[in-house]
Amino acid sequence: MIKVGIIGATGYAGNEIVRLLLEHKEAEIVWYGSRSYINKKYADIYQNFFKLVDAKCMDDNMEFLAEEADVIFTATPQGLCASLINEEILSKTKIIDLSADFRLKDVATYEKWYGIAHKAPQFIKEAVYGLCEINREQVKGARLVANPGCYPTCSTLSIYPLLKEGLIDPATIIIDAKSGTSGAGRGAKVDNLFCEVNENIKAYGVASHRHTPEIEEQLGYACGQKVLLNFTPHLIPMNRGILITAYASLTKKVSYEDVKAAYDKYYEKEAFVRVLEKDVCPQTKWVEGSNFVDVNFKIDERTGRVIMMGAMDNLVKGAAGQAVQNMNLMFGLKETEGLMKVPMCP
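Residues numbered from 1 in each chain as written. Predicted model: local features only at pLDDT ≥ 70, side-chain atom pairs only at ≥ 80, totals over all residues. Heavy atoms only, no water.

Student: I keep staring at the nonpolar core and nothing clicks. Help me out?
Tutor: Across soluble globular proteins, you tend to see nonpolar side chains buried next to one another. Counting 42 residues, the largest nonpolar core has Val4, Leu21, Tyr42, Phe73, Ile96, Leu98 and Met327 as the members making the most contacts within it. Looking at this core, the elements with two or more residues in it are β1 (2–7), α1 (12–21), β2 (27–33), α2 (42–45), β3 (71–74), α7 (132–140) and α12 (316–330). Counting residues per element, this core draws most heavily on α12, which supplies eight residues. Ignoring sequence-local partners within four residues, the contact set of Met327 consists of Val4, Leu21, His24, Ala27, Val71, Phe73 and Ile96. (Core = buried A, V, L, I, M, F, W, Y, C linked by side-chain atoms within 4.5 Å. Buried < 20%, exposed > 50% of the residue type's maximum accessible area, 1.4 Å probe, protein only. Helix = DSSP H or I, 4+ residues; strand = E, 2+ residues; numbered from the N terminus. Contact = heavy atoms within 4.5 Å.)

Right, here's the structure in full:
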């Protein structure tokens, strides 16, 4: 059994890791870390685990945890993992970090967009960006994985095949994104109160959202050049889900079959990326609670553009599920272990 430690187990992403791992045949959680709830029973914080989890929350002593766990998930705010990690820890255990600490390869870019000094830049080059469908082989040999952000996961997977195949102009990409409120975390914020969110939709982080450089960097790898794009996220009144609608100019005249072949080339054998039938638009309700990403496209012959769409659960494929998927790869397990949950409906 893989012994698992979770630092940040009482946030929404940490809670989701617990939910997934309780049904994982090869993993055992040995550490429920939470600074806010030390010595409090985990099931008292999340009553859905009543009579399922008897453990109490512990601190974030990563040095001690490295002796106890084969892998540590850090579902924590930006900066914490980088402040705790060191070579001794990485020599004893593997780390899957759900924050942005090791996603961006340029320290200056990280510090500019996140507004904090990076405390472990020596590990940035080594860290593998854990988008399994693209970096699978690198993840397998990693000891430090940067779990991708939710918006970047859905955006990249929706756009990647067409950019990789040179079918769209990278200078013309515009991404419109919508997310449920769980994407903002469990901390109390006025903007996330029921009365503020209910019966409302709003754009936020316009031209300034910190996932922008992450999306640009990953799409840049796909096309082999620097990508500069517009990314606008919106908050919508639901718990879970991300919907991406992206636009780009085509580089040549293409048919539906041409574009479909590009998606199939990269995703036909993927367990978690589902390319939908013609004219079927992705919907968040059909991926909720699952690790699936539904993608599709529509060619606009009138404008010479293509609309690329994606839907996924921000807490599963956008956070915890992807983290478990990375763990499975790192330990040579079946990639789908613990993750083949049918989306919930309603």
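Student: Which parts of the structure should I look at to understand the sheet that holds β2?
Tutor: Backbone hydrogen bonds hold the strands of a sheet together, and the pairing may be parallel or antiparallel. Reading across from one edge, β2-β1-β3-β4-β6-β5 is the order of the six strands in this open sheet, with parallel pairing throughout. Strand pairing shows two members of the sheet lacking a second neighbour, β2 and β5 (128–129), which therefore form its edges. Relative to β3, β1 is paired through four bridges, and the arrangement is parallel. Residue pairing for β3: Ile7 is matched across the bridge by Thr74. Against the sheet, α12 makes contact with β1, β2, β3, β4 (94–97) and β6 (144–146), and its axis sits at roughly 155° relative to β4, the strand it touches most. (Pairing = 2+ DSSP bridges. Axes fitted to C-alpha atoms, helices over the stretch in contact; angles between N-to-C directions.)

Student: I tried to follow the pattern of salt bridges on my own but got confused; where do I start?
Tutor: Proximity of charged atoms lets side chains of opposite charge pair with each other. Applying the stated criterion across every chain yields a total of 20 salt bridges. Glu270 serves as the salt-bridge partner of Arg136, at 2.7 Å between the closest nitrogen and oxygen. Of this pair, Arg136 sits in helix α7 while Glu270 is found in the loop between α11 (256–267) and β11 (273–275), placing the two residues 134 residues apart along the sequence. Here Arg136 and Glu270 have matching classes, each one buried. Note that Asp191 is salt-bridged to Lys202, the shortest N-O span being 3.8 Å. On the criterion of sequence distance, the pair formed by Asp191 in the loop between β7 (174–179) and α9 (194–197) and Lys202 in strand β8 (residues 202–203) is long-range, its members being eleven residues apart. For Lys202, a relative accessible area of 29% corresponds to the partly exposed category. Ionic contacts of the salt-bridge type, sharing partners, join the residues Glu16, Arg19, Arg240 and Asp313 into one network. (Salt bridge = Lys/Arg side-chain N within 4 Å of Asp/Glu carboxyl O.)

Student: Would you take a moment to explain the sheet that holds strand β10 (residues 242–249) for this structure?
Tutor: Spatial ordering of the open sheet is given by β8-β9-β7-β10-β13-β12-β11, a layout of seven strands whose pairing is mixed. With one partner strand each, in any of the chains shown, β8 and β11 form the two edges of the open sheet. Note that β11 and strand β12 (residues 293–300) share three bridges and pair parallel. By the bridge assignment for β12, Val275 is matched with Val295. Across the sheet, α11 lies against β11, β12 and β13 (305–312), angled at about 160° from β12, the strand it touches most.

Student: Looking at this structure, I do not really get the packing of aromatic side chains. What am I missing?
Tutor: Working definition: an aromatic ring pair is given by the centre-to-centre distance plus the angle between the planes. Under the criterion given, the structure shown has eleven aromatic pairs. Both rings, one in Trp31 and one in Phe64, keep their centres 5.8 Å apart while their planes meet at 45°; by these two values the pair is tilted. One end of the pair, Trp31, is in strand β2; the other, Phe64, is in helix α3 (residues 62–68), with 33 residues separating them in the sequence. Judged by relative accessible area, which is 6%, Trp31 ranks as buried. By relative accessible area, Phe64 is classed as partly exposed at 43%. (Phe/Tyr/Trp six-rings, centres within 6.5 Å; stacked < 30°, edge-to-face > 60°.)

Student: Looking at this structure, I do not really get the state of the cysteines. What am I missing?
Tutor: Taken as a whole and judged by the stated rule, the model has zero disulfides. Free cysteine: Cys223, not disulfide-bonded; nearest cysteine sulfur from Cys154 at 19 Å. Exposure remark for Cys223: the relative accessible area of 21% places this residue in the partly exposed category. (Disulfide = S-S within 2.5 Å.)

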